[in-house]
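# Close look at the chain arrangement
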Amino acid sequence: MGTGAITSYVDVAQLVLYAFWIFFFSLCVWLVRENRREGYPLETWDGRSAEGWVPMPEPKTYLLADGTEVQAPRPVPPARPLNADRLHGSEGTAIEPVGNPLLAGVGPGVWNERSDKPLTDFHGDIAIRPLSYFTDFSVSDKDPDPRGMTVYDAEGDPAGTVRDLWLDHTEMMFRYLEVEVPAGGGTRRVLLPVTFARITRDRVDVRALLASQFSDIPGTKSADSVTLLEEERITAYYGAGTLYATPARAEPLV
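What you see is a predicted model, and the numbers here were worked out from it, not measured in a lab.

We now examine the overall build of the protein chain. The helix and strand tally for the protein chain stands at 2 helices and 13 strands. For the protein chain, whose C-alpha radius of gyration is 26 Å, the value lies well above the compact-globule estimate of 18 Å for 254 residues. Viewed in the frame of its principal axes, the protein chain has a C-alpha envelope of about 90 × 55 × 35 Å. When the 254 residues of the protein chain are sorted by exposure, 29% land in the buried category. Restricting the contact set of the protein chain to residue pairs at least 6 apart, pairs at least 24 apart contribute 53%. Here the protein chain has roughly 16200 Å² of accessible surface; of this, 56% comes from carbon and sulfur atoms. In the protein chain, which carries 24 positive and 36 negative side-chain charges, the distance between the mean positions of the two groups comes to 1 Å.

Spelled out as structure tokens, the structure:
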């Protein structure tokens, strides 16, 4: 027998190779399980849990910066009704939102159940605030200041007026425009994500919504802060508008 041979058919190199295969397979299974700490278990249309062939990992407790504790995966996933109907009977077919499609929480309007607390910086201060809250920040002279500009919808109709900007001072960028819109015989202020706005020298265009739909944009509990969950729902509303603002948007292009 040659060097390293244990028997005529098995040697050390073979054992090392088999050990590597076992290790690599175990690593892949571990990574797949760890990847399931958020967003799992999956649920079927009738609410049944669908884990697949890889089992769910055991819950871990994480200590957050503010002293609170969370478990992942969550022991009991938060239940949220699906405001949609299947267009056909089989699993995995297309769905159609029920009620107001911009608030149904399906398709491009889906949101994640994030924490109902504002984003904070390393010092525990709220990260996103109205520009009027700060005394040492302003709009650059090289950029247009949208405050006072009219917001126009996808059809070119006026939808509201920009009253303030919301600044993320941790990233030094504006996250939202605060827009005053007609609502219920009066007015209310809603947030417009900068990513859905096209700001020029004299106007703000929003192609995701119609003017009549601005009044139903989800609001905030506080006048000078926005929670992570509120950010999710506000952005989801505009996202839903890209497909459901008009019936024609949900139809085929050809």
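A few words on the pattern of salt bridges. Within this structure, the stated rule accounts for 10 salt bridges. Between R203 and D205 there is a salt bridge, with the nearest N and O atoms lying 2.9 Å from each other. You can call D205 buried: its relative accessible area is 15%. In the salt-bridge network here, residues are joined through shared partners; they are E34, R37 and K60.

One face of the sheet, then the other: side chains in a regular strand alternate in exactly this way. Pairing analysis gives 8 bridges linking strand β10 (residues 173-183) to strand β11 (residues 186-193), with the strands arranged antiparallel. Bridge assignment links A183 to a residue of β11, and that residue is G186. Between the antiparallel neighbours β10 and β11 lie 2 residues, among them G184 with a positive phi of about 55 degrees.

A few words now on helix α2 (residues 228-244). Taking 1.5 Å per residue, 17 residues should reach 24 Å; α2 reaches 24 Å between its end C-alpha atoms and fits that length. Most of α2 is tucked away: 12 of the 17 residues are buried. The complete set of buried residues in α2 reads L228, L229, E230, E231, I234, A236, Y237, Y238, G239, A240, G241 and Y244. Elements that come into contact with the buried residues of α2 comprise β6 (95-97), β7 (128-130), β10 and β11.

Our next topic: the pairing of strand β4 (residues 69-72). For strand β3 (residues 60-63) and β4, the ladder comprises 4 bridges, and the chain directions are antiparallel. Looking at the pairing, Y62 lines up with V70 of β4.

A grouping of Y9, V10, L15, L17, Y18, F20, W21, F23, F24, L27, W30 and L31 is seen on the molecular surface, where their side chains present a nonpolar patch of about 1300 Å² in accessible area. Secondary-structure assignment places Y18 in helix α1 (residues 12-34). Judged by relative accessible area, Y18 falls into the partly exposed class, the value being 39%.

Relative to the helices and strands, P146 is located in the loop between β7 and β8 (150-152). For P146, a relative accessible area of 4% translates into the label buried. Setting aside anything within four residues of it in sequence, one finds P146 in contact with V162, L165, L177, I199 and V204.

Positionally, Q213 belongs in the loop between β13 (204-205) and α2. Among the polar contacts listed, one links the side chain of Q213 to the backbone nitrogen of L210, at a separation of 2.9 Å. Not counting chain neighbours up to four residues away, the residues in contact with Q213 comprise L102, Y237 and A245.

Turning our eyes to something else, we now look at unusual backbone geometry. Following A72, the chain continues to P73 via a peptide bond in cis, the omega torsion being -5 degrees. Relative to the elements of secondary structure, P73 occurs in the loop between β4 and β5 (84-86). One non-glycine residue, M172, lies in positive phi territory at about 55 degrees. By the secondary structure assignment, M172 is in the loop between β9 (158-168) and β10. Given a relative accessible area of 53%, M172 falls into the exposed group.

How each quantity is defined
Residues numbered from 1 in each chain as written. Predicted model: local features only at pLDDT ≥ 70, side-chain atom pairs only at ≥ 80, totals over all residues. Heavy atoms only, no water. Helix = DSSP H or I, 4+ residues; strand = E, 2+ residues; numbered from the N terminus. Rg over C-alpha atoms; globule rule 2.2 N^0.38 Å. Buried < 20%, exposed > 50% of the residue type's maximum accessible area, 1.4 Å probe, protein only. Contact = heavy atoms within 4.5 Å. Areas by Shrake-Rupley, 256 points an atom, 1.4 Å probe, with all protein chains shown as cover. Lys, Arg positive; Asp, Glu negative; His and termini not counted. Charge placed at Lys NZ, Arg CZ, Asp CG, Glu CD. Salt bridge = Lys/Arg side-chain N within 4 Å of Asp/Glu carboxyl O. Pairing = 2+ DSSP bridges. Expected span 1.5 Å × (residues − 1). Patch = residues over 30% accessible without salt bridge, like charges linked within 9 Å, V, L, I, M, F, W, Y side chains within 5 Å. Polar contact = N/O pair within 3.5 Å; in protein donor to acceptor, adjacent residues only side chain to side chain.

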